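Breakdown of the fold
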Amino acid sequence: MLAESIVTAVKEGIDRDRLVERATELVRVPSPTRNAGPVADRFAAILTSDGFEVERVDADWPESPAVVTRLDSGRAGRTLQFNGHLDTVHLPFVEPSVRDDILRGSGASDMKGGVAAFVEAMCVLRETAVLDAGSVLMTAHDHHEGPWGDKRQLKALIRDGYVGDAVLLPEYLAGVLPLRGRGMGIFRVVVTCLGEPIHEVLRPTDLPNVVAAAARITDRLYQLAEDLKARSPGPGVDTVFVGQLEAGEIYNQAPVEAQLAGTRRWTIPGSGDEAIEEVESIVEDAAQSYGVSVSFTATRQGEAFEIDEGDAFVEAFQTAHTASTGRALPVGEKPFLDDGNLFLAHAGIPAITHGPDAHGAHTMDEWVPVDELVRVAEVYALTAISFCGEA
């Protein structure tokens, strides 16, 4: 249990205006995946201006060196890592705005608002001197959003030892404590045939129909999706999803190429290879009778995981959340895949995803209430106090 005086010090120490200013500064800099260098530079400047010593680490992506800083209490204890990505999905850029206590703009919810809350939490911990043991490590990087990024920068940071004893991630998940989550792979199928695109009425009778083949593949994959509902062991559900299906340049052209892309998610840790191989087998089988060629590629984004509810980090987080909000969070599943999956698989440390109740991620209408940024900054600071002070 956290002392009331400590909780009060943290709550009163949050500088709302400073937090909004920092979040707005980050949103103002466009940062599509693989091109987050300018916002990483701006983030480093923010930390430096706030009095933190900053380290820039190439981490296998020198185009946008990762940003690292630390806050050390000077006394022995655990290290809590704050980790966030600075890149955004590839959509038209939306300038930041703050109206009616809501921050809008590209990356506001995913996850520049949450990263700014990390900075505010560290400022409060330093200014109030309530972190009486241990340390906080903050890392921020590019190469998160797929399919443009391949997670190489975070993997390199983990490989090179930039890892705490546990990690918090500020993704937009506020109402549940996700102690289990699915692994995910992104797949792409390209269906081709010999020949050139041609007007439908001039189409040779022996020209293979790539559209029909792609449609058949999609239909078979959605049959698999229904099968997975029955096969999944629970409590989560395995899924396969097709979100893109493209062919032709105009409505009455017979194309010679079609593409489809989607995701395969699995609930059992270690079953990713089998899950993706099943998709590839179905794709190849479905296309056999159409006289087309098929190319199948897949990238693993992360592995399924499960965290023990009795883990010391889970208990520390729940203590902090209760102190900040008056209630513990219900335990549940993480609906999406994030960098926590990588920390669990590659670093072997517990990873908790908890961020503001933000909206519009992966759209052009991202927004987050300022009250939520303040709330999570409190939770982050209190989690550090609760976790780092335990040996």
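Refer to the structure printed above.
1. What to know about a negative patch on the surface
Together, E306, D308, E309 and E315 give the surface a local cluster of negative charge. Position of D308 among the secondary structure elements: in the loop between strand 15 (305-306) and helix 8 (312-325). Residue classification places D308 among the exposed residues on the basis of a relative accessible area of 55%.

2. Some words on the sheet that holds strand 14 (residues 293-302)
Strand order in the open sheet made by the four strands is 11-13-9-14, with antiparallel pairing throughout. Two strands bound the open sheet, and with one partner strand each, they are strand 11 (239-247) and strand 14. Along the sheet, successive strands turn relative to each other by an average axial angle of 15°, direction set aside. Looking at chain direction, strand 9 (residues 183-192) and strand 14 are connected through nine bridges and run antiparallel. Each bridged residue has a counterpart across the sheet, and for G185 the counterpart in strand 14 is R300. In the packing of helix 6 (residues 210-231) onto the sheet, the strands contacted are strand 9, strand 11 and strand 13 (257-266), and the crossing angle to strand 11 comes to about 165°. Helix 7 (residues 272-287) rests against strand 9, strand 11, strand 13 and strand 14 of the sheet, and its axis sits at about 165° to strand 14.

3. Description of the nonpolar core
Among the nonpolar cores identified, the biggest contains 69 residues, and F43, L80, F82, L125 and L168 are the most heavily contacted of them. Sorting elements by how many residues they give to this core places helix 10 (residues 370-388) first, with 13 residues. Not counting chain neighbours up to four residues away, the residues in contact with F82 comprise F118, A121, M122, V136, L137, M138, T139, L168 and Y380. Core analysis: the next-biggest nonpolar cluster, separate from the first, contains 30 residues, V189, I217, A258 and A304 among them.

4. Points about the pattern of salt bridges
Per the counting criterion, the structure on display carries 24 salt bridges. The partner of R159 in a salt bridge is D60, and the shortest N-O contact between them spans 2.9 Å. Taken together, the residues R159 in helix 5 (residues 152-159) and D60 in the loop between strand 1 (54-57) and strand 2 (66-72) connect sequence positions 99 residues apart. A relative accessible area of 52% means that R159 is categorised as exposed.

5. With respect to the packing of helix 5 against helix 9 (residues 339-347)
The description of two helices packed together rests on the angle between their axes and the distance between the axes. Their axes nearest at 11 Å, the elements helix 5 and helix 9 cross at an angle of 35°. You can see that helix 5 and helix 9 cross each other, and the crossing is right-handed. Here L154, K155 and I158 of helix 5 come into contact with helix 9, specifically with D339, L342, F343, H346 and A347.

6. Section: the sheet that holds strand 18 (residues 367-369)
The strand order 4-5-18 describes an open sheet built from three strands, whose pairing is antiparallel. Where the open sheet ends on each side, the last strands, each with one partner, are strand 4 (97-99) and strand 18. Neighbouring strand axes in the sheet, compared pairwise and without regard to direction, differ in orientation by 20° on average. Across the face of the sheet, helix 2 (residues 16-27) comes into contact with strand 4 and strand 5 (102-104) while running at roughly 15° to strand 5.

7. With respect to the environment of A9
Mapped onto the elements, A9 comes out in helix 1 (residues 4-13). For A9 and T128, which are 119 residues apart along the polypeptide, the C-alpha to C-alpha distance reads 6.7 Å. Look past the residues within four positions of A9 in its chain and what remains in contact with it is T128 and V130.

8. Here we look at the side chain of D238
Residue placement: D238 occurs in the loop between helix 6 and strand 11. Aside from chain neighbours lying at most four places away, what touches D238 is L228, S232, R264, R265, W266 and T267.

9. Comments concerning the packing of aromatic side chains
A full pass over the atoms with the stated rule returns six aromatic pairs. Centroid distance F118 to Y380: 4.7 Å. Interplanar angle 50°. Geometry classified as tilted. On the criterion of sequence distance, the pair formed by F118 in helix 4 (residues 108-128) and Y380 in helix 10 is long-range, its members being 262 residues apart. Overall, F118 belongs to the buried group, its relative accessible area being 1%. With centroids separated by 6.2 Å and ring planes inclined at 15°, the aromatic side chains of F187 and F296 adopt a geometry described as stacked. One end of the pair, F187, is in strand 9; the other, F296, is in strand 14, with 109 residues separating them in the sequence. Both residues of the pair, F187 and F296, belong to the buried class. The ring centre of F52 lies 4.3 Å from the NZ or CZ of R126, which sits over that ring.

Rules used in this analysis
Residues numbered from 1 in each chain as written. Predicted model: local features only at pLDDT ≥ 70, side-chain atom pairs only at ≥ 80, totals over all residues. Heavy atoms only, no water. Patch = residues over 30% accessible without salt bridge, like charges linked within 9 Å, V, L, I, M, F, W, Y side chains within 5 Å. Areas by Shrake-Rupley, 256 points an atom, 1.4 Å probe, with all protein chains shown as cover. Salt bridge = Lys/Arg side-chain N within 4 Å of Asp/Glu carboxyl O. Lys, Arg positive; Asp, Glu negative; His and termini not counted. Charge placed at Lys NZ, Arg CZ, Asp CG, Glu CD. Helix = DSSP H or I, 4+ residues; strand = E, 2+ residues; numbered from the N terminus. Buried < 20%, exposed > 50% of the residue type's maximum accessible area, 1.4 Å probe, protein only. Pairing = 2+ DSSP bridges. Axes fitted to C-alpha atoms, helices over the stretch in contact; angles between N-to-C directions. Contact = heavy atoms within 4.5 Å. Core = buried A, V, L, I, M, F, W, Y, C linked by side-chain atoms within 4.5 Å. Left-handed = near helix turned anticlockwise from the far one by under 90°. Phe/Tyr/Trp six-rings, centres within 6.5 Å; stacked < 30°, edge-to-face > 60°. Lys NZ or Arg CZ within 6 Å of the ring centre and 35° of its normal.

Honestly, that's just the spatial picture; any functional story needs more than this.
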